[in-house]
Amino acid sequence: MGGRCSPLFRIVYCERGKADMAGAFDFKKEYKDLYWPKEKPGIVDVPAMMFIMVDGKGDPNTCAAYKHAMEVLYGLSYSIKMSKMSGTQPEGYFEYVVPPLEGLWWGEDEGFDGTSIADKNELCWTSMIRQPGFVTQEVFEKAKQALRQKKPALDLSLARLTLFAEGLCAQIMHTGSYDGEPATIRVLEAFIMDSGYKSDISACRKHHEIYLGDPRKTAPEKWKTVIRHPVARRS
């Protein structure tokens, strides 16, 4: 009896239930299948999640647009998290750890899988940070208002709140510098083919990376990056 629950309702219900436990809700610990894959590839069905996103283009190591995107993403994410300090926390608010930075990457070639690109200035990206399910459009707009008062120079019109449903994917943990990712990606792509799937990277589904830890405080050889590729079953 009854209709199916919306993805957003399921997100909020699940998070609220787990957040009743002692301590701040940590997405990385609660959803280890999404954030802590093994260094051996595996398949995961990624559910719908709420994200703040900023799109851009250019070398993330040097371009001003990427730095600006980081300020916007973290500024908005922490404005929402710290709303409790001013007593303006949204309905359903619970203590949580701000989730890690993530990125979707592509180039002129729609099949770009992250293994090579001649000029990093030609990289296109969507940088994003996951949000708790209680973050609605209204909550997002209030966070923009609060951040605009603190940092009026930021262009907050670049940010959007999006329910992102990634679906069936293959993923692997990469340990080491970002420049060493191609070898790990080749292992992932070989696994996809050997397991009866095919890569489904396209204009709609992108090469995806999740950055665990703080690279400013960790040696490059110890960096942890989740690499995720969309897949489809081979018929």
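Everything discussed here concerns the structure shown above.
Keep in mind the model is a prediction, meaning the values are calculated, not measured. (Residues numbered from 1 in each chain as written. Predicted model: local features only at pLDDT ≥ 70, side-chain atom pairs only at ≥ 80, totals over all residues. Heavy atoms only, no water.)

*Asks:* Is there a simple way to think about the overall build of the protein in this case?
*Replies:* Looking only at helices and strands, the protein features six helices and nine strands. Considering the protein as a whole, with its 235 residues, one finds that 48% of them fall into the buried category. Contacts in the protein between residues at least 24 apart in sequence constitute 78% of all its contacts with a sequence separation of at least 6. Of the roughly 12600 Å² of accessible surface on the protein, 54% is carried by carbon and sulfur atoms. (Helix = DSSP H or I, 4+ residues; strand = E, 2+ residues; numbered from the N terminus. Buried < 20%, exposed > 50% of the residue type's maximum accessible area, 1.4 Å probe, protein only. Contact = heavy atoms within 4.5 Å. Areas by Shrake-Rupley, 256 points an atom, 1.4 Å probe, with all protein chains shown as cover.)

*Asks:* When you look at the pairing of strand E6 (residues 159-175) in this model, what are you seeing that I'm missing?
*Replies:* Consecutive side chains along a regular strand alternate between the two faces of the sheet. Burial analysis of E6 places 12 of its 17 residues in the buried class, which makes it a mostly covered element. Bridging between strand E2 (residues 42-57) and E6 involves 12 bridges; their strand directions are antiparallel. Bridging across to E6, Met49 finds its partner in Phe164. Bridging between E6 and strand E9 (residues 224-233) involves seven bridges; their strand directions are antiparallel. Following the sheet pairing, His174 is matched in E9 by Thr225. (Pairing = 2+ DSSP bridges.)

*Asks:* In this structure, what is going on with the packing of aromatic side chains? I would like to understand it.
*Replies:* The geometry of two aromatic rings is summed up by the distance between their centres and the angle between their planes. Considering all chains together, one arrives at 14 aromatic pairs under this definition. Here Tyr66 and Trp125 contribute two aromatic rings whose centre-to-centre distance is 5.0 Å and whose plane-to-plane angle is 85°, an arrangement assigned as edge-to-face. Of this pair, Tyr66 sits in helix H4 (residues 64-81) while Trp125 is found in strand E5 (residues 124-131), placing the two residues 59 residues apart along the sequence. Both residues of the pair, Tyr66 and Trp125, belong to the buried class. Taken together, Phe25, Phe27, Tyr31, Tyr93, Phe94, Tyr96 and Phe134 form an aromatic cluster joined through their ring pairs. Geometry around Tyr96 places Lys81 over its ring, the cationic atom sitting 5.3 Å from the centre. (Phe/Tyr/Trp six-rings, centres within 6.5 Å; stacked < 30°, edge-to-face > 60°. Lys NZ or Arg CZ within 6 Å of the ring centre and 35° of its normal.)

*Asks:* Would you take a moment to explain the nonpolar core for this structure?
*Replies:* Burial of nonpolar side chains together is a common tendency in soluble globular proteins. Grouped together as the largest cluster of nonpolar side chains are 50 residues, with contacts concentrated most on Ile52, Leu76, Ile80 and Tyr96. Elements that contribute at least two residues to this core include exactly helix H3 (32-35), E2, H4, strand E4 (101-106), E5, helix H5 (137-150), E6 and strand E8 (207-212). Of all the elements, E2 adds the most residues to this core, at eight residues. With sequence-adjacent residues up to four places away left out, Leu76 is seen in contact with Ile52, Phe140, Ala143, Lys144, Leu147 and Ala159. Grouped together as the second largest cluster of nonpolar side chains are nine residues, Ala170, Ile185, Leu188 and Ile192 included. (Core = buried A, V, L, I, M, F, W, Y, C linked by side-chain atoms within 4.5 Å.)

*Asks:* So what exactly am I meant to see when it comes to the environment of Leu158 here?
*Replies:* Looking at the element boundaries, Leu158 is found in the loop between H5 and E6. By relative accessible area, which is 39% here, Leu158 ends up partly exposed. Once you skip the residues sitting within four places of it in the chain, Leu158 turns out to touch Met53, Val54 and His68.

*Asks:* What is the right way to read the pattern of salt bridges from this model?
*Replies:* Oppositely charged side chains are able to pair whenever their charged atoms sit close together. Under the counting rule described, the total for this entry stands at 11 salt bridges. One salt bridge in this structure joins Asp26 and Lys28, with 3.4 Å as the shortest N-O distance. Lys28 shares its class with Asp26; the two are buried. The salt bridge partner of Asp55 is Arg160, with a shortest N-O separation of 2.7 Å. Note that Asp55 is positioned in strand E2 and Arg160 in strand E6, a separation of 105 residues in sequence. Note on Asp55: relative accessible area 41%, which makes it partly exposed. Classification of Arg160 as partly exposed rests on a relative accessible area of 31%. (Salt bridge = Lys/Arg side-chain N within 4 Å of Asp/Glu carboxyl O.)

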